[in-house]
Amino acid sequence: MNLALHCQKVSHGFGRKRVLHEVDLQVPHGQFLSLVGPSGCGKSTLLRAILGTHLPNAGVTRIWRAGDPAGTVVEGPGRDRGIVYQHYSLYPFFTALENVAIGLMLDQTSLPYRWLQWPRWRRLRRQHLAEAEAMLVRVKLGDALHLYPQEMSGGMRQRVALAQALVMKPAIILLDEPFGALDEATREDLQKLLLGLHDENAATARGGSTPAYTLIIVTHELNEALIVGDRVVGLSQYWAWKSEGHPSCPGATIIYDQPAPIFKAEQARELERFIKQREEIRRVVFNPAAAFERSEHLAPRGGTRP
């Protein structure tokens with residue numbers, strides 16, 4: 001398996017409160033994984049562990065860029081991971097173009113370089129702006145390059161935030177409830193945008209190359225999880241921890257991991273295709289009385305397709 005991410009027995013807690021217990025997750029390059037679970041189960045905590053801003057108490061997380069056989073152990077934030085939050089992390093005094101280009105500037109230059117190597121910096125700046133413009137065109141904001149965040153709609157701002165992440169070409173992109181504050185029509189438009197990236201992945205894989213985009217999207221909306229993701233992972237505190245000899249719940253763990261239907265960007269929503277799976281997820285992941293064994297609803301090879 002050509003992995004982009006491996007969380008190996010990741011556990012975390014805050015004081016006496018145990019949040020995550022032995023989370024083991026493998027994500028191959030090109031996969032779009034939807035992470036779902038009850039409120040308070042640690043979805044965002046797991047994302048922060050992968051991002052490197054809040055390292056877990058136990059376990060190891062490793063990231064692989066395409067073509068890197070060794071990978072990198074996560075010990076802090078790095079440019080091999082990008083994140084898009086529900087609330088747009090844009091600079092209000094920068095245009096859309098400048099907001100997307102700033103990550104490239106901070107990654108590739110320093111303040112002394114920009115002061116002392118002005119001719120080189122000016123050439124590099126033009127390159128950064130060109131890359132940022134190309135990415136904004138890809139997310140259908142070619143007409144909004146010079147707008148400031150306060151001049152854009154919520155959906156436009158979220159497209160800029162996604163372009164910020166994509167332009168850095170990370171090994172994996174994390175999306176934490178990215179569309180939760182948007183209206184239904186705007187949410188559907190952005191879901192189609194992600195499905196377009198998935199289509200690009202499929203075309204790249206057919207050509208024999210490693211797909212460019214690997215995503216983990218945290219969402220509370222099961223329809224969205226099944227539309228956007230080609231794999232759904234359920235993280236839950238409702239599992240049979242007593243059968244493993246724990247006196248109290250040691251934290252949420254993965255109790256559901258299955259492939260999801262694959263939609264194309266141009267397809268109309270065919271919700272009947274996944275009604276049964278949606279109900280299964282509710283029964284297994286969200287039901288406090290269920291208490292299934294950890295391995296009971298895990299697909300072979302971690303939910304990946306053969």
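Here, every reference points to the structure presented above.
Q: How would you sum up the nonpolar core? Please name residues and give values.
A: Residues Leu136, Val160, Leu166, Leu175 and Leu194 are the most contacted members of the largest nonpolar core, which totals 36 residues. Those elements that provide at least two residues to this core are helix H2 (96-108), helix H4 (118-138), helix H5 (154-167), strand E7 (172-176), helix H6 (184-206) and strand E8 (215-218). Take this core: its biggest share by element is seven residues, from H5. Those residues in contact with Val160 that lie beyond four places of it in its chain are Leu90, Ala96, Asn99, Val100, Leu136, Leu141 and Met152. One finds Cys7, Ile172, Leu174 and Val233 within the second-largest nonpolar core, a separate group that totals 27 residues.

Q: Let's hear about the state of the cysteines: which residues, and what values?
A: Inspection of every chain in the model, using the stated rule, returns zero disulfides. Among the cysteines around Cys249, which has no disulfide bond, Cys41 carries the closest sulfur, lying 11 Å off. On the accessibility criterion, Cys249 (27% relative accessible area) is partly exposed.

Q: Talk me through a nonpolar patch on the surface; I want residue IDs and the actual numbers.
A: On the surface, a nonpolar cluster with roughly 430 Å² of combined accessible area is contributed by Leu111, Trp115 and Leu116. Here Trp115 lies in helix H3 (residues 111-116).

Q: Describe in detail unusual backbone geometry, supporting the description with residues and values.
A: Of note, the phi angle at Lys140 is positive, near 65 degrees, even though the residue is not glycine. Note that Lys140 resides in the loop between H4 and H5. A positive phi angle, near 55 degrees, is found at Ala291, a position not held by glycine. The residue Ala291 is located in the segment after helix H8 (275-285) in this model.

Q: An account of the side chain of Thr61 is needed here, citing residue identities and associated values.
A: Within the secondary structure, Thr61 sits in strand E4 (residues 58-63). Not counting residues up to four positions away in its chain, the partners in contact with Thr61 are Leu5, His6, Cys7, Val10, Ile50, Thr72, Val73 and Val74.

Q: Could you give an account of the sheet that holds strand E10 (residues 253-259), with specific residues and numbers?
A: With respect to topology, six strands assemble into an open sheet ordered E6-E7-E8-E3-E9-E10, the strand pairing being mixed. Two strands in the sheet have a free side with no partner beyond their single neighbour: strand E6 (81-85) and E10. Strand-to-strand twist in this sheet, taken as the mean axis angle between neighbours without regard to direction, amounts to 20 degrees. Judged from the four bridges that link them, strand E3 (residues 32-36) and E8 form a sheet pairing that is parallel. Bridge pairing links Ser34 to Ile217 in E8. Together, E6 and E7 form the strand contacts of H5, whose direction differs from that of E6 by roughly 170 degrees. Sheet strands in contact with H8 are E3, strand E9 (231-236) and E10, and its direction is about 170 degrees off that of E10.

Q: Could you give an account of the environment of Thr214, naming the residues involved and the relevant values?
A: Examined against the element boundaries, Thr214 turns out to sit in the loop between H6 and E8. Relative accessible area serves as the criterion here: at 1%, Thr214 is assigned to the buried category. Spatially, the C-alpha atom of Thr214 lies 11 Å from that of Ala66, the residues being 148 residues apart in sequence. Ignoring any residue separated from it by four or fewer positions in sequence, one finds Thr214 in contact with Ala4, Val27, Pro28, His29, Gly30, Gln31, Ala171, Ile172 and Ile173. Polar contacts involving the side chain of Thr214 include one to the main-chain amide nitrogen of Gly30, which spans 2.9 Å.

Q: Outline the pairing of E4, supporting the account with residue identities and numerical values.
A: Bridge count between strand E1 (residues 3-14) and E4: five bridges; the pairing is antiparallel. Note that in E4 the partner of Ser11 across the bridge is Ala58. Alignment of E4 against strand E5 (residues 72-73), held across two bridges, turns out to be antiparallel. Across the sheet, residue Ile63 finds its bridge partner in E5, namely Thr72.

Q: So what's going on with H5? Residues and values would help.
A: Since the α-helix turns once every 3.6 residues, residues separated by three or four places project in the same direction. For H5, built from 14 residues, the straight-helix expectation of 20 Å at 1.5 Å per residue is met to within 8% by its first-to-last C-alpha distance of 20 Å. Counting buried residues along H5, 12 of its 14 residues qualify, which places the element largely inside the surrounding structure. Every buried residue of H5 is accounted for by Gly154, Gly155, Gln158, Arg159, Val160, Ala161, Leu162, Ala163, Gln164, Ala165, Leu166 and Val167. Directly beyond the C-terminal end of H5, a positive phi value near 55 degrees is found at Lys169.

Definitions and cut-offs
Residues numbered from 1 in each chain as written. Predicted model: local features only at pLDDT ≥ 70, side-chain atom pairs only at ≥ 80, totals over all residues. Heavy atoms only, no water. Core = buried A, V, L, I, M, F, W, Y, C linked by side-chain atoms within 4.5 Å. Buried < 20%, exposed > 50% of the residue type's maximum accessible area, 1.4 Å probe, protein only. Helix = DSSP H or I, 4+ residues; strand = E, 2+ residues; numbered from the N terminus. Contact = heavy atoms within 4.5 Å. Disulfide = S-S within 2.5 Å. Patch = residues over 30% accessible without salt bridge, like charges linked within 9 Å, V, L, I, M, F, W, Y side chains within 5 Å. Areas by Shrake-Rupley, 256 points an atom, 1.4 Å probe, with all protein chains shown as cover. Salt bridge = Lys/Arg side-chain N within 4 Å of Asp/Glu carboxyl O. Pairing = 2+ DSSP bridges. Axes fitted to C-alpha atoms, helices over the stretch in contact; angles between N-to-C directions. Polar contact = N/O pair within 3.5 Å; in protein donor to acceptor, adjacent residues only side chain to side chain. Expected span 1.5 Å × (residues − 1).

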